[in-house]
Amino acid sequence: AQKITQTQPGMFVQEKEAVTLDCTYDTSDPSYGLFWYKQPSSGEMIFLIYQGSYDQQNATEGRYSLNFQKARKSANLVISASQLGDSAMYFCAMGRVNFGNEKLTFGTGTRLTIIP
Amino acid sequence: DTAVSQTPKYLVTQMGNDKSIKCEQNLGHDTMYWYKQDSKKFLKIMFSYNNKELIINETVPNRFSPKSPDKAHLNLHINSLELGDSAVYFCASSTGLKAFFGQGTRLTVV
């Protein structure tokens, strides 16, 4: 079974500072993917970034980067130069690579509030 | 162009009623899903379909019946609605693991 743990239910960060959202995972699968999704107050789920378990380099997408530490089973999201629009719920998720049988297991989320 | 669209966005209904939520994706993905987000924001998979075939059914009550007429559509029909069914239901589609979500349907059962 796969499990995702997000230990920060809420965070407050000053605008323009960098933010690290924690995520640890547990799986026995050799091949898996790790994701971060953003859910603003409007409710939609927005894909942010993906890291494959065999990827040698940490994923980056604009201001988002994923700090992947495989031995520690952690996949923290780093947001550089935070903006007011970054205030939202953030979910870490993982999926097992199993053709035609993929599904995502989500963490409980972190509510990020950016303070002006 | 909306990649994954689901309707309606809001649904308020009385206990015991039957309701449907529709989902369509124009991404050409083979796999579609229904996820449920409860009042504590926890997201959990309900069903997945791959090329119109049911692949995953995560011990969802049989009052919930998904139907996939073609690989671009996955509808969710719920019979005899209960108060505990109140939640946000997300449709998603994917190729491989990377899933794209619809905007969600907030179902309120009164």
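Summary of the structure given here. (Residues numbered from 1 in each chain as written. Chains lettered and ligands numbered in written order. Predicted model: local features only at pLDDT ≥ 70, side-chain atom pairs only at ≥ 80, totals over all residues. Heavy atoms only, no water.)

Attention now goes to the overall build of chain A. Counting its secondary structure elements, chain A contains 0 helices and 12 strands. Listing each helix as α and each strand as β along chain A from the N terminus yields β-β-β-β-β-β-β-β-β-β-β-β. Evaluated residue by residue, chain A yields a buried proportion of 50% over its 116 residues. Residue pairs at least 24 apart in sequence account for 55% of intrachain contacts in chain A once pairs closer than 6 positions are excluded. Accessible surface for chain A amounts to roughly 5600 Å². Of this, 51% is attributable to carbon and sulfur atoms. (Helix = DSSP H or I, 4+ residues; strand = E, 2+ residues; numbered from the N terminus. Buried < 20%, exposed > 50% of the residue type's maximum accessible area, 1.4 Å probe, protein only. Contact = heavy atoms within 4.5 Å. Areas by Shrake-Rupley, 256 points an atom, 1.4 Å probe, with all protein chains shown as cover.)

Before going further, it helps to spend a moment on the sheet that holds strand E1 (residues 4-7) of chain B. Residue and element names in this part refer to chain B. Ordered in space as E1-E3-E8-E7, the 4 strands form an open sheet in which the pairing is antiparallel. Each edge of the open sheet carries a strand with a single partner, namely E1 and strand E7 (64-70). Each adjacent strand pair in this sheet contributes to an overall mean axis angle of 20°, direction not counted. Two strands pair when backbone bridges link them, and E1 and strand E3 (residues 19-25) are joined in this way by 4 bridges, in the antiparallel orientation. (Pairing = 2+ DSSP bridges. Axes fitted to C-alpha atoms, helices over the stretch in contact; angles between N-to-C directions.)

Here we take up the environment of His73 of chain B. All names here are of chain B. Its place among the elements puts His73 in strand E8 (residues 73-78). You can call His73 partly exposed: its relative accessible area is 23%. Between the C-alpha atoms of His73 and Ser93, which are 20 residues apart in sequence, the distance is 9.7 Å. Setting aside chain neighbours within four positions, we find His73 in contact with Cys23, Glu24, Met32, Lys67 and Ser68. Only 2.7 Å separates the side chain of His73 from the side chain of Asp70, close enough to count as a polar contact. (Polar contact = N/O pair within 3.5 Å; in protein donor to acceptor, adjacent residues only side chain to side chain.)

Here the focus is the pattern of salt bridges. Using the criterion set out here, one finds 7 salt bridges over all chains in the structure. Here Asp86 of chain A and Arg63 of chain A are joined by a salt bridge, their closest N and O atoms 2.8 Å apart. In this pair, Asp86 of chain A sits in the loop between strand E9 (74-79) and strand E10 (88-96) while Arg63 of chain A sits in the loop between strand E7 (60-61) and strand E8 (64-69), placing the two residues 23 residues apart along the sequence. The salt bridge partner of Asp30 of chain B is Lys71 of chain B, with a shortest N-O separation of 2.7 Å. (Salt bridge = Lys/Arg side-chain N within 4 Å of Asp/Glu carboxyl O.)

This part is about the interface of chain B and chain A. In this assembly, 22 residues from chain B lie in contact with 24 residues from chain A. Each partner contributes to the roughly 1800 Å² buried at the junction of chain B and chain A, and carbon and sulfur atoms together form 64% of this total. For the interface between chain B and chain A, the tally reads 1 salt bridge. Note that Glu58 of chain B is salt-bridged to Lys103 of chain A, the shortest N-O span being 2.9 Å. At the surface where chain B touches chain A, the tally comes to 4 residue pairs in polar contact (both at pLDDT 80 or more). Taken together, the elements giving at least two residues each to the side of chain B that touches chain A come down to strand E4 (31-37), strand E5 (43-50), strand E6 (53-57) and strand E10 (98-101) of chain B. For the side of chain B that touches chain A, the per-class residue count stands at 11 nonpolar, 7 polar and 4 charged. (Buried area = accessible area lost by both parts, 1.4 Å probe. Nonpolar A, V, L, I, M, F, W, Y, C, P; charged D, E, K, R; others polar.)

Looking now at the layout of surface pockets. Size it by volume and the largest pocket reaches roughly 260 Å³. Lining of the largest pocket is provided by 19 residues; of these, Pro40, Ser41, Ser42 and Gly43 of chain A together with Arg106 of chain B occupy positions nearest its centre. Mapped by element, the contributors of at least two residues to the lining of the largest pocket are E10 of chain A together with strand E9 (87-95) and strand E11 (105-109) of chain B. Split by residue class, the lining of the largest pocket holds 6 nonpolar, 9 polar and 4 charged. Looking at the second largest pocket, its volume works out to about 180 Å³. Here the lining of the second largest pocket takes 3 residues from E5 of chain B, the largest share from any one element. When the residues that make up the lining of the second largest pocket are grouped by side-chain class, the tally is 6 nonpolar, 1 polar and 5 charged. (1 Å grid on protein atoms, 1.4 Å probe; cavity = no way out; pocket = protein on both sides within 12 Å on 5 of 7 lines; lining within 4 Å. Points joined across faces, edges and corners; volume = space filled by probe spheres on them.)

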